[in-house]
Amino acid sequence: MTAPTPLTWLYVPGDRPETVAKALRAGADAVIVDLEDAVAPDRKGYARSATAELLTERPSTPVHVRVNTLDSPFAEADLHVLVGLPGLSALRVPKVTDPAEVRYVANTMPDVPLYALLESALAIERAHAIAGAHPSLRGIALGEADLRADLGVRDDTGLAWPRSRVVVAARAAGLEPPAQSVYPDIRDLEGLAASCARGRALGFLGRTAVHPRQLPVIERAFLPTPREVEEAEEIVKAAAADRGALALPDGRFVDAAVVATAHRTLALASRTPAAGP
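Here we summarise the structure given alongside this text. Please read these numbers as outputs of a predicted model, since none were measured by experiment.

1. So, the packing of helix 2 (residues 44-54) against helix 3 (residues 75-82)
Part 1 of the argument: At their nearest, the axes of helix 2 and helix 3 sit 10 Å apart, and the two run at 15° to each other. Accordingly, the angle class assigned to the pair helix 2 and helix 3 is roughly parallel. As helix 2 packs across helix 3, the resulting crossing turns out to be right-handed. Where helix 2 approaches helix 3, its residues Arg48, Thr51 and Ala52 are matched on the opposing element by Ala77, Asp78, Val81 and Leu82.

Below you can see the structure in the form of structure tokens.
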């Protein structure tokens, strides 16, 4: 049985093993151990060795590792130490700007699922080419902090097109819908919920988090509402009785694409919501 698409991804610094241990019990669908931005240069070696030790066995929660940028002096050592570790579920490659970077990592880490982070204007321009770079690539996502800096924008208005671009590029390449980038204010849960609602409307599915308290907010935002589930059940039932195009009693037209969407809604609804306030 295929595992459901993750809705919640929790970032944790790789040089804090005790924090990583807590993150693995926090209820996220996947934990992302970060060797890049969250780790100071003089702690890179320790973060790498601690992560390798963790992944000698398979944790109960899937673990992804964000390695350092490929043009840094740390990336080669990151990839070398992670090769063949049984607990590694996927790699996240930051600041990708060229499909060749994806192919390089895929060839270095055969059979490891990859996620490419697009964090610059050049990456956005090349989003579709990056998304189709290699069969090992399972997803693309935005790194909005770096992208904001590169574009020189201060609010969400300047990110509207890049966000839509990455959603379209992912779907055009046959990938799952991308997860939203992190919401940095861990205290503003109302703002997080509103931001998730906007992301969902754009076609994102799920979100990366930087604190466990964000997880239930994210999951609730992306799970179907009871009304959406009811509508999906009605559509699936009607389609089972009549396999052609049809109209529901309320006048809505239903075709194959609508039925497929209804099935996805019901599959997503079957997940167990995360605990939380």
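On we go from here.
2. Some remarks on helix 3
Part 1 of the argument: Residues of helix 3 that are buried include every one of Ala75, Asp78, Leu79 and Leu82, and no others. Across the axial projection of helix 3, the buried residues extend over an arc of 90°, all falling on one side. Exposed and oriented more than 90 degrees from the buried face of helix 3 are Glu76 and His80.
Part 2 of the argument: Looking at the buried residues of helix 3, the elements they touch are helix 2, strand 3 (63-66), strand 4 (88-93) and helix 4 (99-108).
Part 3 of the argument: A positive phi of about 80° marks glycine 84, the residue just after helix 3.

3. Brief notes about the nonpolar core
Part 1 of the argument: With 61 residues, the main nonpolar core has Val65, Leu82, Leu91, Leu118 and Ile140 as its most contacted residues.
Part 2 of the argument: Other than its neighbours up to four places away in sequence, valine 65 contacts Val33, Leu35, Thr51, Leu55, Leu82, Leu88, Ala90, Leu91 and Arg92.
Part 3 of the argument: If you look at the next biggest cluster of nonpolar residues, it comprises 9 residues, including Trp9, Tyr11, Leu117 and Ala179.

4. Quick notes on the packing of aromatic side chains
Part 1 of the argument: Considering all chains together, one arrives at 1 aromatic pair under this definition.
Part 2 of the argument: Judged by centre distance (5.5 Å) and plane angle (75°), the ring pair of tryptophan 9 and tyrosine 115 falls under edge-to-face. With tryptophan 9 in strand 1 (residues 8-13) and tyrosine 115 in strand 5 (residues 114-118), this residue pair connects regions lying 106 residues apart in the sequence. For the pair tryptophan 9 and tyrosine 115, one class covers both residues: buried.
Part 3 of the argument: Lying over the aromatic face of tryptophan 9, arginine 92 brings its terminal NZ or CZ to 5.2 Å of the ring centre.

5. Thoughts on the pairing of strand 2 (residues 30-34)
Part 1 of the argument: Of all 5 residues that make up strand 2, 5 are buried, and the element is covered over most of its length.
Part 2 of the argument: Across the two faces of strand 2 the burial is the same, with Ala30, Ile32 and Asp34 and Val31 and Val33 all buried.
Part 3 of the argument: As paired elements, strand 1 and strand 2 share 5 bridges and run parallel to each other. Along strand 2, the bridge assignment pairs proline 13 with aspartate 34.
Part 4 of the argument: Of the crossover connections in this fold, the one passing from strand 1 over helix 1 (residues 17-24) to the parallel strand 2 is right-handed.
Part 5 of the argument: Sheet topology places strand 2 next to strand 3; 4 bridges connect them, and they run parallel. Of the residues in strand 3, the one forming a bridge with isoleucine 32 is histidine 64.
Part 6 of the argument: For the crossover from strand 2 across helix 2 to strand 3, the handedness is right-handed.

About the cut-offs
- Residues numbered from 1 in each chain as written.
- Predicted model: local features only at pLDDT ≥ 70, side-chain atom pairs only at ≥ 80, totals over all residues.
- Heavy atoms only, no water.
- Axes fitted to C-alpha atoms, helices over the stretch in contact; angles between N-to-C directions.
- Helix = DSSP H or I, 4+ residues; strand = E, 2+ residues; numbered from the N terminus.
- Parallel < 35°, antiparallel > 145°, perpendicular 65-115°, else oblique.
- Left-handed = near helix turned anticlockwise from the far one by under 90°.
- Contact = heavy atoms within 4.5 Å.
- Buried < 20%, exposed > 50% of the residue type's maximum accessible area, 1.4 Å probe, protein only.
- Arc of directions from axis to C-beta.
- Core = buried A, V, L, I, M, F, W, Y, C linked by side-chain atoms within 4.5 Å.
- Phe/Tyr/Trp six-rings, centres within 6.5 Å; stacked < 30°, edge-to-face > 60°.
- Lys NZ or Arg CZ within 6 Å of the ring centre and 35° of its normal.
- Pairing = 2+ DSSP bridges.
- Right-handed = clockwise from strand over helix to strand, strands pointing away.

Coordinates in, geometry out; function isn't part of it.
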